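# Residue-level structure breakdown
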Amino acid sequence: MSVEFIGMIGTREASELHSPTVSITGGTIDLAYLRKFAKVHEDGGFDRVLVGYSSTGPDGFNVVSYVAAATERLKFLLAHRPGFVAPTLAARKLATLDHFSNGRVAVHIITGGSDIEQQRDGDWLDHDTRYRRTDEYLDVVRRVWTSEEPFDYEGEFYQLKQAFSEVKPLQQPHIPIYFGGASGAAVGVGAKHSNVYAFWGEPIAAIKQRIAEVKAAAPPGKDLKFSVSLRPILGETEAKAWEKAHYILSRINETRAKAGVQLSPGASLGPEAVGSLRLLDFAKESEIHDKRLWTPIAAATGARGNTTALVGTPEQVAESLFDYYKAGVTTLLIRGFDPVEDAIAYGRDVIPLVRQQVQQQERQTVTVA
């Protein structure tokens, strides 16, 4: 299929509905829940699941290894922050994992938009310097994956002599690289290195503009794909979907108030979190963009991550997802506020509709050609 659906799994039940301080990328480990969460996505027809990263959460390499053994078809997108594992070692770890998962792993490079997150792991580089390091990091990783001979490397951050790996990725020419980052510093690095460039759920006109910017920064002739991350809220009718959306927002505000979390939009994000600041700007402009892109949850949570929603019936949400596909997006990352139940609903009620629309579009394109 020319459209890819990605979900997201965590090691224990977590959502903004449960706590403002508990993230799907952190916390304790519930093995039974993790297996169930992965199988729900596999049975629901998702292509991949994202295994996120935080400076306080479980190690993603081990999480992927565990759920790969518990699934058969499902692929994995491992979030990875450059700088904490040497690029030569990261390349070997990923290549090894690619073999043990039978070629089902991809890596999602997240350079880091929060100084606080970085400093927990001892990284004191500023935002733009981190992206320069990522550029070198991915240069090295790619060469370790593809080089048939030992090589030397002299960079600002990494100096290597006779670097080499006997284990190469099962997937050739190398493991797929996804990349996230909304800043100007991110675009050049991501356009150079990634196979798929990922955006958060912005209005379609903004996504079109960002696709054009990334393509303009890419090496000539490079085939780049694009991803958008969204939080669908479904209802049997449109009215019920909006009722559910407002209930979710009220629950989030209630849990934040009980926990004593008071966050002015963007207050503690810092200027380095460009993607979050962009979502907050869209939230200030309007509660609803396009047909049904809903922004109040992003505003209520400081737009920490994937926080814009598509609200409607399964047919309406599928139509809006297809609108992103028509805008040039071929990967759709969707996750819910009730993680397991929503993943089941997406697999049953939304994904088949979008795939059907994509197939119809492809047939029409072939017929016209």
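Presented here is an overview of the structure given in this document. Keep in mind that this is a model prediction, so the values were computed, not measured.

Rules of the game
- Residues numbered from 1 in each chain as written.
- Predicted model: local features only at pLDDT ≥ 70, side-chain atom pairs only at ≥ 80, totals over all residues.
- Heavy atoms only, no water.
- Helix = DSSP H or I, 4+ residues; strand = E, 2+ residues; numbered from the N terminus.
- Buried < 20%, exposed > 50% of the residue type's maximum accessible area, 1.4 Å probe, protein only.
- Contact = heavy atoms within 4.5 Å.
- Salt bridge = Lys/Arg side-chain N within 4 Å of Asp/Glu carboxyl O.
- Core = buried A, V, L, I, M, F, W, Y, C linked by side-chain atoms within 4.5 Å.
- Axes fitted to C-alpha atoms, helices over the stretch in contact; angles between N-to-C directions.
- Parallel < 35°, antiparallel > 145°, perpendicular 65-115°, else oblique.
- Left-handed = near helix turned anticlockwise from the far one by under 90°.
- Nonpolar A, V, L, I, M, F, W, Y, C, P; charged D, E, K, R; others polar.
- Phe/Tyr/Trp six-rings, centres within 6.5 Å; stacked < 30°, edge-to-face > 60°.
- Lys NZ or Arg CZ within 6 Å of the ring centre and 35° of its normal.

## A closer look at the side chain of Q118
Residue placement: Q118 occurs in helix α4 (residues 115-120). Q118 sits in the buried class, given a relative accessible area of 0%. Each residue touching Q118, except ones within four places of it in the same chain, is listed here: R81, F84, T111, G112, D123, R130 and R133.

## A few points about the pattern of salt bridges
In the structure shown here, the tally under the stated rule is 20 salt bridges. Here E202 ties to R210 by a salt bridge, and the two come within 3.5 Å at their closest N and O atoms. When its relative accessible area of 1% is taken as the criterion, E202 is described as buried. Take R210: its relative accessible area is 5%, and that puts it in the buried class. What you see here is one network of salt bridges that share partners, running through K291, E319, D323 and K326.

## Observations regarding the side chain of H80
Within the element layout of this structure, H80 appears in strand β3 (residues 75-80). The class for H80 is buried, based on a relative accessible area of 5%. Those residues in contact with H80 that lie beyond four places of it in its chain are F61, V85, A90, V107, H108, I109, I110 and Y137.

## Considering the nonpolar core
A general tendency of soluble globular proteins is for nonpolar side chains to be buried together. Grouped together as the largest cluster of nonpolar side chains are 89 residues, with contacts concentrated most on F5, W145, L321 and Y324. Grouped together as the second largest cluster of nonpolar side chains are 14 residues, I233, I248, I297 and A300 included.

## Examining the packing of helix α11 (residues 314-326) against helix α12 (residues 339-368)
Put simply, α11 and α12 touch, their axes get as near as 9 Å, and they point 45 degrees apart. By the criterion of interaxial angle, the relationship of α11 to α12 is oblique. When the axes of α11 and α12 are compared, the crossing they make is right-handed. Contact residues: α11 offers P314, E315, V317, A318, E319, L321, F322 and Y325, while α12 offers D349, V350, L353, V354, Q357, V358, Q361 and E362. Among the residues forming the contact of α11 with α12, the class breakdown is 10 nonpolar, 2 polar and 4 charged.

## Let's talk about the packing of aromatic side chains
Under the criterion given, the structure shown has 8 aromatic pairs. A centroid spacing of 5.9 Å and a plane angle of 10 degrees characterise the contact between F199 and F226, whose relative ring orientation is stacked. Pair noted here: F199 is in strand β8 (residues 196-200) and F226 is in strand β9 (residues 225-234), with a separation of 27 residues, a long-range link. Residue classification places F226 among the buried positions, given a relative accessible area of 1%. Taken together, the ring pairs in this structure connect Y131, F179, Y197, F199 and F226 into an aromatic cluster. The ring of F61 has K93 lying over it, and the distance from NZ or CZ to the ring centre is 4.3 Å. Sitting above the plane of the F337 ring, R231 keeps its charged end 4.0 Å from the centroid.

## Notes on unusual backbone geometry
The omega torsion of the bond from Q172 to P173 falls at 5 degrees, within 30 degrees of zero and hence cis. Secondary-structure assignment places P173 in the loop between β6 (159-163) and β7 (177-180). With a phi close to 50 degrees, A303 is a non-glycine residue in the positive phi region. In this fold, A303 is placed in the loop between α10 (296-301) and β12 (309-312). Note on A303: relative accessible area 0%, which makes it buried.

## Let's talk about the environment of G184
Structurally, G184 is set in helix α6 (residues 184-193). The exposure class of G184 is exposed, given its relative accessible area of 68%.

## Observations regarding α6
Among all positions of α6, only A186, V187, V189, G190, A191 and H193 are buried. On the buried face of α6, the contacting elements are α5 (127-146), β7, β8 and α7 (204-217).

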